[in-house]
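Summary of structural features
As a plain string of letters, each chain reads:
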Amino acid sequence: LKEAAVETLYQDVFNVMANNSNIGDGSALFRSGNKTSSAFGKATLNAARLAMRQQSPYGDTTKKLGAKNLPRFCVIPADLEETAEIHFGSKSKVTSETTTTIDYSTVTPNIHEQNRGGRKVEIIVVDYWTDAADCALIADPSKVQTIEIGFIGGKEEPELFVQDQRNVGSMFDADKQKWKIKFPYGICFLDHRGFYGFSRA
């Protein structure tokens, strides 16, 4: 039961990205400026990185978020796992979508292999996503606002209750043991600027 409760939270977060739901400002998470109608790949990844760098912070169009808004996570379905590993794992510039055409002799580094903080982009495979169009980049939440999850009373683990006293309730009436899981939480996508979506019309 506890695993089911955690899985529900997990899906609630990733469903917002898959469905491109409206967030707190009333607009879709992926909108003009942080999405492309093209699929995840070499050319679109380059454009995504540039677009994320050039986002302006909320309320100040004279500035750019720059390096702190570089991708930190790549969220993908299992269909794109190998493609993502190629683009984020190669130290040499990726010249195509397959490992057979990566030019390891070139001195051109792969700018997607790690961000400016020296941390590699972490690939998150969402196994229940079955549409290869579901793919997104997320910036480092310690540097820009992305997702916030709140738990009532600060309880970050599901609470499990069991009614098992033989002299009261269902155990007394019908020899039935009842289980209850309690896991109240709230999810908020704080700002669209730290996200970038692919295959979005």
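Use the structure listed above.
For the structure given in this document, a descriptive report is provided here.

Rules used throughout
- Residues numbered from 1 in each chain as written.
- Predicted model: local features only at pLDDT ≥ 70, side-chain atom pairs only at ≥ 80, totals over all residues.
- Heavy atoms only, no water.
- Buried < 20%, exposed > 50% of the residue type's maximum accessible area, 1.4 Å probe, protein only.
- Helix = DSSP H or I, 4+ residues; strand = E, 2+ residues; numbered from the N terminus.
- Contact = heavy atoms within 4.5 Å.
- Phe/Tyr/Trp six-rings, centres within 6.5 Å; stacked < 30°, edge-to-face > 60°.
- Lys NZ or Arg CZ within 6 Å of the ring centre and 35° of its normal.
- Salt bridge = Lys/Arg side-chain N within 4 Å of Asp/Glu carboxyl O.
- Core = buried A, V, L, I, M, F, W, Y, C linked by side-chain atoms within 4.5 Å.

Structural notes on helix α3 (residues 81–89)
- Of the residues making up α3, those classed as buried are Thr 83, Ala 84, Ile 86, His 87 and Phe 88.
- Those residues of α3 hidden inside the fold are in contact with α2 (42–53), β1 (71–76), β2 (122–125) and β3 (136–139).

Let's talk about the packing of aromatic side chains
- Evaluated as defined, the whole model comprises nine aromatic pairs.
- Each ring, one from Tyr 196 and one from Phe 198, has its centre 5.4 Å from the other, and the planes form 65 degrees; the classification is edge-to-face. Here Tyr 196 matches Phe 198 in class, with each residue buried.
- Aromatic ring contacts, followed pair by pair, group Tyr 10, Phe 14, Tyr 128 and Trp 129 into a single cluster.
- Cation over ring: Arg 72 sits above Phe 73, and NZ or CZ is 5.0 Å from the ring centre.
- For the cation-ring pair, Lys 180 lies above Phe 161, with the distance from its terminal atom to the ring centre recorded as 5.2 Å.

Here's the deal with the side chain of Thr 36
- Within the secondary structure layout, Thr 36 lies in the loop between α1 (2–19) and α2.
- Taking relative accessible area as the criterion, Thr 36 reaches 16% and is therefore assigned buried.
- Here Thr 36 is in contact with Thr 44, Tyr 196, Gly 197, Phe 198, Ser 199 and Arg 200, once residues within four sequence places are set aside.

So, unusual backbone geometry
- The residue Asn 20 is not glycine, and still its phi comes out positive at about 50 degrees.
- Here Asn 20 shows up in the loop between α1 and α2.
- Classification of Asn 20 by relative accessible area gives buried; the value is 19%.
- Phi at Ser 199 takes a positive value of approximately 55 degrees, unusual for a residue other than glycine.
- By the secondary structure assignment, Ser 199 is in the segment after β8 (195–197).

Here's the deal with the pattern of salt bridges
- Across all of its chains, the model carries seven salt bridges by this definition.
- Its salt-bridge partner being Glu 159, residue Lys 155 comes within 3.3 Å of it at the nearest N-O pair.
- Note that Asp 191 is salt-bridged to Arg 193, the shortest N-O span being 2.7 Å.
- Salt bridges linked by common partners bring Lys 91, Glu 113 and Lys 120 together as one network.

With respect to the nonpolar core
- Counting 20 residues, the largest nonpolar core has Met 17, Leu 29, Trp 129 and Phe 189 as its most contacted members.
- Among the secondary structure elements, those contributing two or more residues to this core are α1, β1 and β3.
- In contact with Phe 189, other than residues within four places in its own chain, are Val 13, Val 16, Met 17, Ile 23, Gly 24, Leu 29, Thr 146, Ile 147 and Phe 195.
- Of all hydrophobic cores here, the second largest spans 18 residues; its members include Leu 45, Cys 135, Val 144 and Tyr 196.

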